[in-house]
Amino acid sequence: MVGYAFMGAAHSQAWRTVNRVYDLPARVRMSLVCGRDTAKVSEAADRLGWEAHTTDWRRLVESDEIDVVDICTPGDSHAEIALAALAAGKHVLCEKPLANTVAEARAMAAAAAAARAVGVRSMCGFNYRRVPAVAMMRRLIADGRLGTIRHVRAAYLQDWIVDPQFPLVWRLRRERAGSGALGDIGAHIIDLTQFVTGQRITGVSAVTETFVKERPLPAESSGLAAHAANGTGPVDGHGPATGAVTVDDAAVFVARLDGGALATYEASRFATGRKNALRVEINGSLGTVAFDLERLNELEFYDATRPTVEQGFTRILMTEEDHPYMSAWWPPGHIIGYEHSFTHQMRDFVEAVATGVDPAPSFADGLQVQLVLDAVTRSAQRGSSWADVEPLLEAVPA
Ligand SMILES: NC(=O)c1ccc[n+]([C@@H]2O[C@H](COP(=O)([O-])OP(=O)(O)OC[C@H]3O[C@@H](n4cnc5c(N)ncnc54)[C@H](O)[C@@H]3O)[C@@H](O)[C@H]2O)c1
């Protein structure tokens, strides 16, 4: 695994857990973890359960001991590491968004397609697909329970940079993150809504905004949890050193889907009071489903085929054995949390690798999300004029 901070910790928890929860055809060994600082990666290896550590990710790619490379670094290193790992015959799990640019994502999808031909698998880490309620939404829609999909309403709302003194962490710099709220959290709702509806976004009209254009430089590299106090102090008595924010703070867009649905998307880091509010509602001719990540054990379902006098929103508690992923967990009513989505992700990935099938979402799926992000950016740059999403030429496995 490369990177051991937020996603590194979440993935490690899942790698540690997966064989103890699910009966899988292969056993995971947490062999080598990579970071840039020897002391810190050594401490992380102990804490997270890795056998060894290194400060050079090429050691993972070159090692004969290693079958899988898990990429948990910022977007600016995804392409380089993934391309090297695939070329060396390693199966790759890469965090989202797949890359920082369409060109990088295209190269990664092409490399993944070539690697697949020789049995090497790859997957992009859109973990929310593995929340049972999300998988259940997809099942209901695929079974026709919603009828024809008319509306998709998606928002992913956070508030961690409302304070203008919050420092200029890597997520606020285009050269490291590719984009801001758009690629970080907007990418999740783009993937999630396309996954559950089985429909692709064909075009968008967008606005984006950077509300706070200048921020204090961070005292040291800090992740999502960095606090404003990490900002540097006064420089030569002239106040804190600052730098330009080069990504969007929020992105809002309308979209058309290829099955005829109209959609709205909102991704913001300025939704005061909203911490990690990923909300999706889908209206069809026969019913509606609604999901809120902050209540992830619940799915709301309105079934318009029931007798009129019995119609109403049903709150389904997603803890039955027959609900997606739940057979291995606890008795009905015993809820699960955020980290379980990563255990589910590793279950599907390990099973796919061990049985020789392609896991989803593929790198091609990751590229397709990147093409939507690109259309949003183009539209916003051109005064919200309509931007078509470039179609993906390769057939993408569902
Ligand atoms: N699936 C999700 O829900 C989710 C949530 C958060 C982040 N992410 C994605 O995960 C990735 C990492 O985000 P994060 O929040 O964990 O970031 P983070 O800042 O918490 O951690 C980044 C890690 O990468 C390491 N790193 C950076 N450059 C490196 C290099 N060249 N070589 C080795 N290590 C390097 C850092 O030392 C750190 O350990 C991003 O692509 C992000 O978009 C996904």
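All of these numbers come straight from a predicted model, not from anything done at the bench.

Details of the overall build of the protein chain
So, step 1. From N to C terminus, the protein chain includes ten helices and 16 strands.
So, step 2. A compact globule built from 398 residues would reach a C-alpha radius of gyration of about 21 Å, and the protein chain, at 21 Å, matches this within 12%.
So, step 3. Expressed as lengths along the three principal axes of its C-alpha atoms, the size of the protein chain is roughly 70 × 50 × 45 Å.
So, step 4. Scored against the burial criterion, the 398 residues of the protein chain give a buried share of 55%.
So, step 5. Carbon together with sulfur atoms contributes 51% to the accessible area of the protein chain, which is approximately 17,000 Å² in total.
So, step 6. Charged side chains in the protein chain number 39 positive and 48 negative. The centres of these two groups are separated by 2 Å.

Comments concerning the sheet that holds strand β3 (residues 68–71)
So, step 1. Pairing in this open sheet of three strands is parallel, and the strands run β3-β4-β5 from one edge to the other. At either margin of the open sheet sits one strand with a lone partner, and together these are β3 and β5 (122–125). Within this sheet the neighbouring strands show an average axis-to-axis angle of 10°, counted without direction.
So, step 2. Here strand β4 (residues 91–95) pairs with β5 via four bridges, running parallel. Paired with C94 across the two strands is C124, which belongs to β5.
So, step 3. Those strands touched by helix α1 (residues 6–21) are β3 and β4, and its axis lies near 135° from that of β4.

Focus: the site of the ligand
So, step 1. Near the ligand you find 24 residues, and of these M7, K96, N127, W170 and R171 are the closest.
So, step 2. Residue Y4 places a main-chain N or O atom 3.0 Å away from an oxygen atom belonging to the ligand.
So, step 3. One nitrogen or oxygen atom from the side chain of R171 is found 2.7 Å from an oxygen atom belonging to the ligand.

Brief notes about the sheet that holds strand β7 (residues 201–209)
In sheet architecture, strand pairing relies on hydrogen bonds along the backbone and comes in two forms, parallel and antiparallel.
So, step 1. Taking strand neighbours across the sheet as the criterion, the nine strands line up as β15-β14-β13-β12-β6-β11-β10-β7-β16 in an open arrangement whose pairing is mixed. Single-partner strands in this sheet number two, and they are β15 (313–317) and β16 (387–388).
So, step 2. Summarising the sheet, strand β10 (residues 250–257) and strand β11 (residues 262–268) pair through seven bridges and their orientation is antiparallel. By the bridge assignment for β11, A251 is matched with A267.

A few points about the pairing of β5
So, step 1. Across the two faces of β5 the burial is the same, with S122 and C124 and M123 and G125 all buried.
So, step 2. The β-α-β motif built from β4, the intervening helix α5 (residues 102–116) and the parallel element β5 has right-handed crossover chirality.

With respect to the nonpolar core
So, step 1. Ranked by internal contacts, the top residues of the largest apolar core, which has 111 residues, are Y265, F291 and F363.
So, step 2. Beyond its immediate chain neighbours, meaning those up to four positions away, F363 contacts A82, L86, V92, C94, L98, M108, A109, A112, S122, M123 and C124.
So, step 3. W160, L168, L172 and F270 belong to the second largest nonpolar core, which has ten residues in total.

Calculation rules
- Residues numbered from 1 in each chain as written.
- Predicted model: local features only at pLDDT ≥ 70, side-chain atom pairs only at ≥ 80, totals over all residues.
- Heavy atoms only, no water.
- Helix = DSSP H or I, 4+ residues; strand = E, 2+ residues; numbered from the N terminus.
- Rg over C-alpha atoms; globule rule 2.2 N^0.38 Å.
- Buried < 20%, exposed > 50% of the residue type's maximum accessible area, 1.4 Å probe, protein only.
- Areas by Shrake-Rupley, 256 points an atom, 1.4 Å probe, with all protein chains shown as cover.
- Lys, Arg positive; Asp, Glu negative; His and termini not counted.
- Charge placed at Lys NZ, Arg CZ, Asp CG, Glu CD.
- Pairing = 2+ DSSP bridges.
- Axes fitted to C-alpha atoms, helices over the stretch in contact; angles between N-to-C directions.
- Contact = heavy atoms within 4.5 Å.
- Near = heavy atom within 4 Å.
- Polar contact = N/O pair within 3.5 Å; in protein donor to acceptor, adjacent residues only side chain to side chain.
- Right-handed = clockwise from strand over helix to strand, strands pointing away.
- Core = buried A, V, L, I, M, F, W, Y, C linked by side-chain atoms within 4.5 Å.

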